[in-house]
Amino acid sequence: MPVACRMCGGPAVLKRPKTGDAVCKDCFFYAFENEVNYTITNGNLFKRGDRVAVGASGGKDSTVLAYILKLLNERHDYGIELILLSVDEGITGYRDDSLETVKRNQHQYDLPLKIVSYEDLYGWTMDAIVKQIGLKNNCTFCGVFRRQALDRGAMLLKANKIATGHNADDIAETVLMNVLRGDIARLRRCTAITTGAEGGLPRCKPLKYTYEKEIVMYAYFKKLDYFSTECIYSPNAYRGHARTYLKDLERIRPSSIIDLIHSGESLSIKKDVKMPVQGTCTRCGYISSNAICKACTLLEGLNKGLPKLAIGKSNKSRRLLDAASQSSDSTNEKTSPKEKKKDVTF
Ligand code: SF4
Ligand code: ZN
């Protein structure tokens, strides 16, 4: 006997990873879409008239995000304007292919698309950065630059909000990593559904409670066009271990993912944990919680041929770079050719 759909009683075709319920395809779509709509309305993520830049990489999460935001905006009349925003990190054989997917999504969903590149913004591609620093800290550079590139792209688009495709698994992994590092400030921040509101350009995560496995199922059954190859520079060993551990936990108890998010959220209610104050970088003018932002510090390290000094805690890396500048100023009056590389432009 076929298993009956828990919602409509018809023949079920799948078991929902999040709830364990057997459901038919249409009921799965209905539940999935309603849950994302609930996350958006309950979290007050958008208001009528918002111009929302949707971070689009061509991967499953951002493709589902763009598709579902367009669908829910029409179904529930949110009254928001959606624009796809992609960042080209300059990774040959990976990002160039995934951007082709975003260009197809642009036509499939009839949404405008803007692409900003590391090369134009910073004068460095990830290919060039990896050539200089190797495969150890590449994701630190890439992550910091991507974050700022999205802000800068959104500002160019005159968007007043950014929506990203972070899913429940991503957030649970980050909770786990921050617990393991003992980083309480980040632990508080990482479960927030909206961040950066103080800096004037809030970022929100409409898929915060959506399980990765369900995103894959949704994309598969909806036949969405997405790119599924891993980045060729993806060592990120620490996150990889956290991910494997989380997947093991999920196998034993599917609610582990949501439980971890709730643990992080309950911590964020505590008021005695110091939070960084958002301001703007004195060098490039973009959002930063330090006088000089991490993107500018990393870029200075790259341009001076001292990328390793720029990695790590902001205050320490600034001290190291300033000390290196002073000693090279006193021994060498001239600017080294590497320093002539592009500064942050805006
Ligand atoms: Fe960038 Fe690392 Fe992600 Fe590749 S895996 S896109 S280098 S952050
Ligand atoms: Zn800066």
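Along every chain, residues carry numbers that run from 1 in the direction the sequence is written. Labels follow written order: the first chain is A, the first ligand is 1, and so on. Whole-chain, interface and lining totals are the exception, using all residues; otherwise, since this is a predicted model, local features are given only for residues with pLDDT of at least 70 and side-chain atom pairs are given and counted only at 80 or more. Calculation of side-chain values draws on the structure's entire complement of heavy atoms; hydrogens and water are dropped beforehand.

## Describing the side chain of Ser-86
Part 1 of the argument: Numbering of helices and strands starts at the N terminus; helices are DSSP runs of H or I of at least 4 residues and strands are runs of E of at least 2. Relative to the elements of secondary structure, Ser-86 occurs in strand β4 (residues 81–88).
Part 2 of the argument: Residues count as neighbours in contact if any of their non-hydrogen atoms are within 4.5 Å of one another. Once residues within four sequence positions are removed from consideration, Ser-86 is found in contact with Ala-56, Leu-99, Val-102, Leu-113, Lys-114, Ile-115 and Val-116.

## Focus on the UniProt feature "domain: Cytoplasmic tRNA 2-thiolation protein 1 C-terminal" (unreviewed entry) in the protein
Part 1 of the argument: UniProt positions are given in the numbering used here, feature names are shortened, and annotations may be inferred rather than shown by experiment. With numbering matched to this structure, UniProt assigns "domain: Cytoplasmic tRNA 2-thiolation protein 1 C-terminal" (unreviewed entry) to residues 279–310.
Part 2 of the argument: Taken as a whole, residues 279–310 contains 44% helix and 12% strand, while its terminal C-alpha atoms sit 20 Å from one another.

## Focus on the packing of aromatic side chains
Part 1 of the argument: The pairing test for Phe, Tyr and Trp rings, Trp by its six-membered ring, is centres within 6.5 Å, and the orientation test on the planes gives stacked under 30 degrees, edge-to-face over 60, and tilted for anything in between. Inspection of every chain in the model, using the stated rule, returns 14 aromatic pairs.
Part 2 of the argument: An aromatic cluster is present here, built from Phe-28, Phe-29, Phe-32, Tyr-67, Tyr-109 and Tyr-218 joined pairwise through their rings.
Part 3 of the argument: The residue whose ring lies beneath Lys-222 is Phe-29, and the NZ or CZ to ring-centre distance is 4.3 Å. To sit over a ring, a charge needs its Lys NZ or Arg CZ within 6 Å of the ring centre and within 35 degrees of the ring normal.

## Side note on the pairing of strand β3 (residues 51–55)
Part 1 of the argument: Counting buried residues along β3, four of its five residues qualify, which places the element largely inside the surrounding structure.
Part 2 of the argument: The pairing criterion is simple: DSSP has to find at least two bridges between the two strands. Bridge count between β3 and β4: five bridges; the pairing is parallel. Within the sheet, the bridge partner assigned to Gly-55 lies in β4 and is Leu-85.
Part 3 of the argument: Orient the strands so they point away from the viewer, and a crossover whose first-strand-to-second-strand path over the helix runs clockwise is right-handed. Taking the sense of rotation as the criterion, the β-α-β connection linking β3, helix α2 (residues 60–76) and β4 turns out right-handed. Each residue gets one of three labels from its accessible area relative to the maximum for its type: buried under 20%, exposed over 50%, partly exposed in between, using a 1.4 Å probe on protein chains only.

## A look at the domain arrangement of the protein
Part 1 of the argument: These domain limits were set by an automatic method or by a database of domain assignments. Segmenting the protein into domains produces domain 1 (27–265) and domain 2 (279–335).
Part 2 of the argument: Of note, the centres of domain 1 and domain 2, computed from C-alpha atoms alone, are 28 Å apart.
Part 3 of the argument: In short, buried area is how much 1.4 Å probe accessible area vanishes from two parts on joining, totalled over both. Note on domain 1 versus domain 2: buried area summed over both sides is about 1400 Å², and carbon and sulfur give 77% of it.
Part 4 of the argument: For the domain 1 face of the interface with domain 2, the top three residues by lost area are Trp-124, Phe-141 and Gln-148, together amounting to 33%.
Part 5 of the argument: Every case where a carboxyl oxygen of Asp or Glu lies within 4 Å of a side-chain nitrogen of Lys or Arg is listed as a salt bridge. Run the count over domain 1 and domain 2 and you get zero salt bridges.
Part 6 of the argument: Contacts described as polar in this section are N or O atom pairs within 3.5 Å, which, within protein, must combine one atom able to donate a hydrogen with one able to accept it, while residues neighboring in sequence count only if both atoms come from side chains. Seen at the junction of domain 1 and domain 2, the total is one residue pair in polar contact (both at pLDDT 80 or more).
Part 7 of the argument: Going through the elements one at a time, α5 (126–133) and α6 (138–156) are the ones with two or more residues in the side of domain 1 that touches domain 2.

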